[in-house]
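The lines below spell out each chain.
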Amino acid sequence: QIHLAESGGGLVQAGDSLRISCTASGRTFSASAMGWFRQAPGKEREFVATIGSSGVGTLYKDSVKGRFTISRDNAKAMVYLQMNSLEPDDTAVYFCAAAENSALPKARINAYNYWGQGTQVTVSS
């Protein structure tokens, strides 16, 4: 089992940068692909970024490519999402998720077994 807790969300202005973090616990974390998803009010939860268990492979939603970077530190059991050039459309609750014992990055939401409680990111125009 993997427990996840997000932190670092907040209110920023368009064009600003923000880094959100995910603290993980569980013996299988380092063997699991990790992902960031987001959900805006009235919309379905959507894929943002994913990273393989070793940190080598990554995938991104088209609209965040070049602006967001996912990374992980297996020694610290942490996953990060660095968000640059933020836009109002990036406003959402951001969730960290784990696809247990999956080496490759996963973009499909149903590949994920464990979820954090989310952290709010609000981008004002």
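Throughout, residues of each chain are indexed from 1 in the direction in which the sequence is written. Side-chain atom pairs in this predicted model are given and counted only at pLDDT of 80 or more, local residue features only at pLDDT of at least 70, and totals for whole chains, interfaces and linings cover all residues. Heavy atoms from the whole structure form the basis of all side-chain values; hydrogens and water molecules are not counted.

(A) Main features of the state of the cysteines. Disulfides are defined as cysteine sulfur pairs within 2.5 Å. Under the counting rule described, the total for this entry stands at one disulfide. Residue C22 pairs covalently with C96 via a disulfide, S to S 2.1 Å. The disulfide joining C22 to C96 has a torsion of about -80° about its S-S bond and is therefore left-handed. Here C96 lies in strand β9 (residues 92-99) and C22 lies in strand β3 (residues 18-25), a separation of 74 residues in the sequence. Like C96, C22 is buried. Going along the chain from the N terminus, every DSSP run of H or I of four or more residues is numbered as a helix, and every run of E of two or more is numbered as a strand. Summary of the burial criterion: residues with accessible area below 20% of their type's maximum are buried, those above 50% are exposed, and those between are partly exposed, where the area comes from a 1.4 Å probe applied to protein chains only.

(B) Quick look at the side chain of R38. When you line up the elements, R38 lands in strand β4 (residues 33-39). Relative accessible area serves as the criterion here: at 5%, R38 is assigned to the buried category. Any pair of nitrogen or oxygen atoms within 3.5 Å is treated as a polar contact; in protein, a donor-acceptor pairing is required on top of that, and neighbouring residues in sequence qualify only through side-chain atoms on both sides. Here Y94 takes part through its side chain, which lies 3.0 Å from a polar atom of the side chain of R38.

(C) Region of interest: the sheet that holds β3. At least two bridges found by DSSP between two strands are what make those strands a pair. An order of β1-β3-β8-β7 is seen for the four strands of this open sheet, with the pairing classed as antiparallel. The open sheet is flanked by β1 (3-7) and β7 (68-73), the only strands paired with a single partner. For this sheet, the mean inter-axis angle between neighbouring strands, taken without regard to orientation, is 15°. For β1 and β3, the ladder comprises five bridges, and the chain directions are antiparallel. Paired with A5 across the two strands is T23, which belongs to β3. A fitted line through C-alpha atoms represents every axis, and for helices the fit uses only the stretch in contact; the resulting angles, taken between N-to-C directions, go from 0 to 180 degrees.

(D) The arrangement of the pattern of salt bridges in detail. Any carboxyl oxygen of Asp or Glu that lies within 4 Å of a side-chain nitrogen of Lys or Arg is treated as forming a salt bridge with it. Per the stated rule, a full pass over the model turns up six salt bridges. Notably, a salt bridge pairs E87 with R67, separated by 3.8 Å at the nearest N-O pair. One end of the pair, E87, is in the loop between β8 (78-83) and β9; the other, R67, is in the loop between β6 (58-60) and β7, with 20 residues separating them in the sequence. Of the charged contacts in the structure, one is a salt bridge between R67 and D90, with a shortest N-O distance of 2.8 Å.

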